[in-house]
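# Coordinate analysis (summary)
Listed here are the chains, written in short residue letters.
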Amino acid sequence: MEGLLGGFIVALKPMNLVFCFGGALIGTLIGVLPGLGPTAAIAMLLPLTIGLDPVSAIIMIAGIYYGASYGGSTTAILVKIPGAAQSVLTSLDGYQTTQQGPAGGAIAIAWIGSFVAGTVGALAIGLISMPLVEFAIRFGPAENLSLLLLGFIVILVLAKGNVVKSLIMIVAGLLLAMVGQDVITGQPRFTFGIPELTDGFGVVVVAMGIFGLGEVLENVEKFRTRSMQAVPVGSLMPTKEDWKRSAMPIARGSVLGFLIGLLPGGGATLASFISYGVEKKFTKHPEEFGNGAVEGVAGPEAANNAGAAGSFIPLLALGLPGNPVTALLLGALIVHNVTPGPLMIQERPEIFWGVVASMYVGNVMLVALNLPLIGIWVQLLKVPYRALYASLILFMIIGAYSLNNNPVEVLLLLLFGVVGYGLRKLRFDTAPLILAFVLGGPIEFNLRQTMMLARDPLDYLMGRPIALTILGFGLLLIVLPMFSKVRQKLMVARAVNEL
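Source: prediction; values computed, not measured. (Residues numbered from 1 in each chain as written. Predicted model: local features only at pLDDT ≥ 70, side-chain atom pairs only at ≥ 80, totals over all residues. Heavy atoms only, no water.)

## Section: the overall build of the protein chain
Looking only at helices and strands, the protein chain features 21 helices and 2 strands. Evaluated residue by residue, the protein chain yields a buried proportion of 54% over its 499 residues. Here the analysis covers contacts within the protein chain between residues at least 6 apart in sequence; of these, 79% occur between residues at least 24 apart. As displayed, the protein chain offers around 22200 Å² of accessible surface, 68% of which is attributable to carbon and sulfur atoms. (Helix = DSSP H or I, 4+ residues; strand = E, 2+ residues; numbered from the N terminus. Buried < 20%, exposed > 50% of the residue type's maximum accessible area, 1.4 Å probe, protein only. Contact = heavy atoms within 4.5 Å. Areas by Shrake-Rupley, 256 points an atom, 1.4 Å probe, with all protein chains shown as cover.)

Set out below in structure tokens:
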């Protein structure tokens, strides 16, 4: 409680309130715009945070993250176009309610669910982080390395689409991370004699190119012929029946989403999908799902916001990002010379507790902000996409140049933007690439430290039970799917023989 009260003192400082409000507003705006999610938004806006105080910068970026979850539900409900991936399932039932009458009730339920879940998540972070940190303080280079490797294994196991393509993306991300100076000797490597590459590729430029510019180029192609027709919003007051039916889905979604957010590879999107399936099992009206069930809006919206909050725990307490957004947050912390992990709460408590408290403050701001601005968000859907995305590209070019006043950064942005667009056209998932790029440096550093400490690697590992347990769990994640596939093949073969 002492830490949380100190966090509120930090979060309620006038300057931090301004940045919290700005992040929430920008996040909502990005969430409302179809095709752009929190990952692209944070990637594009990272240059704005470079000159800020670390606390203000992370508070603003966190506000963009959960603000996008609020905004994404608005377009999902109004025009059946999810502003972010975590709002995909909200569009199924949310849009159907707009076909049956004004959309205000569904939008209000989505916001209430998001607010409750965000509040629960912020409080739970404070409760869980301290015991986790007390355990993680015992970590050394070997334990940190095994934890980072476990993160990569989980990324592969939960990867979307082809696992081989995901593995290629991980290798590409690690290779990009190796460009620049050697982490131990300081010798330049893979720079090809180009002085500008001596410091390596910047997280901001790579993220803006792969996620920001690549996403924009794909959306220009996807949405260029789409026309938006806004629908009437009506009253933003849910009915008594909506309150009654949405109470338990919001509660379940808040708990379930937070727990899923704790897992590497979890987060808002996975939480919303699982919550939708759970609510479909619990509901007394399964026939309404897909046709305007209020539970199909309340549960996923609560889960995606709780999942967003839960994903902050492995990032802040262990320094382990579980999804692309938290990988960008890790990059932002590194840019500001802040090392997330077990010692962060002790060494930089104002950042940890300030961010946790700002999440509660930001959720209050979002509810107060969205109610009067819903009319503006509806009108924003009519903005021509060509003008909108041209402005975003110009903004990213200015941001890349402003990093070091170096035109090379702009060329790298355009290069990575084309690469990101090409990867999307080839159906490569770019999330493993950015995760590998951000984690590449810490992995190499901990690997080199472990090798220097261990004269006999096997003997050294046998004396590190925590590292062995983590590696064993990772091996189990690799082996179990293999056994499952072998078992399925044997069952098919047996069935064929019986026929």
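Next comes the rest of the account.
## Thoughts on the pattern of salt bridges
Enumeration according to the criterion identifies 7 salt bridges in this entry. The salt bridge involving D182 is made with R448; its shortest N-O contact spans 3.0 Å. Pair noted here: D182 is in the loop between β1 (180–181) and β2 (188–189) and R448 is in helix α19 (residues 431–453), with a separation of 266 residues, a long-range link. Residue classification places R448 among the partly exposed positions, given a relative accessible area of 24%. (Salt bridge = Lys/Arg side-chain N within 4 Å of Asp/Glu carboxyl O.)

## Quick look at unusual backbone geometry
Excluding glycine, residues mostly carry a negative phi; peptide bonds, for their part, are mostly trans. Even without being a glycine, F190 presents a positive backbone phi close to 55 degrees. Considering the arrangement of structural elements, one finds F190 in the loop between β2 and α9 (203–223). For R427, which is not a glycine, the phi torsion comes out positive at approximately 65 degrees.

## Here we look at the nonpolar core
Generally speaking, nonpolar side chains in soluble globular proteins are found buried as a group. Grouped together as the largest cluster of nonpolar side chains are 106 residues, with contacts concentrated most on I42, I125, F201, F312, F416, I434 and F437. A per-element tally of this core places helix α4 (residues 54–79) first, with 11 residues. Look past the residues within four positions of I434 in its chain and what remains in contact with it is V206, A207, F211, P324 and L328. (Core = buried A, V, L, I, M, F, W, Y, C linked by side-chain atoms within 4.5 Å.)

## Side note on the packing of helix α8 (residues 163–178) against α19
Packing of α8 against α19 leaves a shortest axis separation of 7 Å and a crossing angle of 35 degrees. Helix-helix and strand crossings are classified by hand; for α8 and α19 the assignment is right-handed. Every residue of α19 that contacts α8 at S166, M169, I170, A172, G173, L174, L176 and A177 is listed here: P432, L433, A436, F437, G440 and G441. Among the residues making up the contact of α8 with α19, the classes are represented as 10 nonpolar, 4 polar and no charged. (Axes fitted to C-alpha atoms, helices over the stretch in contact; angles between N-to-C directions. Left-handed = near helix turned anticlockwise from the far one by under 90°. Nonpolar A, V, L, I, M, F, W, Y, C, P; charged D, E, K, R; others polar.)

## Observations regarding the packing of aromatic side chains
In total, this model carries 3 aromatic pairs according to the counting rule given. Consider the rings of F8 and Y360, whose centres lie 6.1 Å apart with planes at 80 degrees: the pair is edge-to-face. Linking F8 in helix α1 (residues 2–11) with Y360 in helix α16 (residues 349–380), this pair joins segments that are 352 residues apart in sequence. Residue classification places Y360 among the partly exposed positions, given a relative accessible area of 31%. Positioned over the ring face of F428 is K165, at 5.0 Å from the centre of the ring. (Phe/Tyr/Trp six-rings, centres within 6.5 Å; stacked < 30°, edge-to-face > 60°. Lys NZ or Arg CZ within 6 Å of the ring centre and 35° of its normal.)

## Comments concerning the environment of A327
Within the secondary structure, A327 sits in helix α14 (residues 324–335). Through-space distance from the C-alpha of A327 to that of I434 is 7.2 Å; in sequence the pair is 107 residues apart. Look past the residues within four positions of A327 in its chain and what remains in contact with it is P321, L435 and V438.

## Details of helix α2 (residues 14–32)
Across its 19 residues, α2 extends 27 Å between first and last C-alpha, which sits within 8% of the 27 Å expected from 1.5 Å per residue. Looking at α2, one finds that the buried residues are N16, F19, C20, G22, G23, A24, G27, T28, I30, G31 and V32. (Expected span 1.5 Å × (residues − 1).)

## Focus on the confidence of the model for the protein chain
Per-residue confidence for the protein chain averages 76 on the pLDDT scale, and 83% of its residues sit at or above 70. Confidence, expressed as mean pLDDT per element, reaches its minimum in the protein chain at helix α20 (residues 457–462) with 70 and its maximum at helix α18 (residues 407–425) with 87. (pLDDT = per-residue confidence, 0-100.)

## Considering the environment of G441
Residue position: G441 is located in helix α19. Exposure remark for G441: the relative accessible area of 28% places this residue in the partly exposed category.

## Points about the packing of α14 against α19
Closest axis-to-axis distance for the α14/α19 pair is 9 Å, and the angle between their directions is 25 degrees. It follows from the interaxial angle that α14 and α19 lie roughly parallel. As for how α14 packs across α19, the hand of that crossing is left-handed. Between α14 and α19, the contacting residues are P324, A327, L328, L330 and G331 on the first element and A431, I434, L435, V438 and L439 on the second. Grouping the amino acids of the contact of α14 with α19 by side-chain chemistry returns 9 nonpolar, 1 polar and no charged. (Parallel < 35°, antiparallel > 145°, perpendicular 65-115°, else oblique.)

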